[in-house]
Amino acid sequence: MKHNKILILYAHPSPHRSEVNKPMIRAAKKIAGVTVVDLYYEYPNFDIDIDKEQQRLRDHDVIIFQFPLYWYSTPSILKEWQDLVLEYGFAYGSEGTALHGKPMLCVLSAGGKEQAYDLNGLNHFTIRQLLAPIEQMANLTGMRYLPPFTLFNARTAYEERRIPEHLKQYKRLLHALVENRLDIEQAAPLTLLTHKLDDLIAAKED
Ligand SMILES: Cc1cc2nc3c(=O)[nH]c(=O)nc-3n(C[C@H](O)[C@H](O)[C@H](O)COP(=O)(O)O)c2cc1C
């Protein structure tokens, strides 16, 4: 069976204060086939090495952006990374096919409640809707966009002991991606990947 190589582009501006993403990243680093790139650590001055980042993309089969939601979007280095790395002739244009066919998704934590991310909720939009520029970037570059995997209410997750279960699901997701066991077709139209992993992984195992 072919195993996929997963690239996690991790962007957390204050990683030492992180309660959610820090243990997730620690766990991800232990999984064979997963590469974690800590963008704020590697590029504290935003001087992103374009050739190195493009080679990393070529070398991996699945691309993940992981971040805490900041002002309904990614922390800024992930925007800078896109602006610099996804060049014409590499990521788009008639010869820019380096990313074609690679599944891509966002793994994020949000301070807000799940019910708040809804047309009728406090934030009026779902997380998938708010991340539309990333979804369309993935479409334009020929990647196969998957819905976000999100932990809501992230700031109380630690005291409410919700992190172990989230970590378990996150590891399950990464293992399924490595082993090509996630049903991509069934996952693609969903609003969120969260809560649906059982169906998506089981469906592929049938
Ligand atoms: C500058 C800033 C902006 C934020 N913006 C949002 C936001 O737009 N929506 C939201 O739900 N949470 C927002 N948050 C909360 C973070 O998403 C939350 O603290 C984080 O996901 C927790 O993950 P961590 O423990 O790994 O840091 C914001 C936090 C900061 C510091």
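Looking up the chain in an unreviewed UniProt entry gives the name Putative NADPH-quinone reductase (Modulator of drug activity B), with the organism given as Vibrio xiamenensis.

(A) The site of the ligand, seen in detail. In the vicinity of the ligand lie 17 residues, with His12, Ser18, Asn21, Ser109 and Tyr117 positioned nearest. Side-chain polar atom of His12 to an oxygen atom of the ligand: 2.7 Å apart, as the coordinates give it. In the environment of the ligand, an oxygen atom lies 2.7 Å from a nitrogen or oxygen atom belonging to the side chain of Asn21. Relative to its unbound accessible surface of 640 Å², the ligand loses 76% to contact with the protein. Looking at the shell around the ligand, its residues break down into nine nonpolar, six polar and two charged.

(B) Examining the pattern of salt bridges more closely. Throughout the structure, instances matching the rule amount to 10 salt bridges. A salt bridge links Arg172 to Asp198; its shortest N-O distance comes to 2.6 Å. Placement of the pair is Arg172 in helix H7 (residues 163-178) and Asp198 in helix H9 (residues 197-205), with a sequence separation of 26 residues. Taking relative accessible area as the criterion, Arg172 reaches 29% and is therefore assigned partly exposed.

Conventions adopted
Residues numbered from 1 in each chain as written. Predicted model: local features only at pLDDT ≥ 70, side-chain atom pairs only at ≥ 80, totals over all residues. Heavy atoms only, no water. Near = heavy atom within 4 Å. Polar contact = N/O pair within 3.5 Å; in protein donor to acceptor, adjacent residues only side chain to side chain. Areas by Shrake-Rupley, 256 points an atom, 1.4 Å probe, with all protein chains shown as cover. Nonpolar A, V, L, I, M, F, W, Y, C, P; charged D, E, K, R; others polar. Salt bridge = Lys/Arg side-chain N within 4 Å of Asp/Glu carboxyl O. Helix = DSSP H or I, 4+ residues; strand = E, 2+ residues; numbered from the N terminus. Buried < 20%, exposed > 50% of the residue type's maximum accessible area, 1.4 Å probe, protein only.

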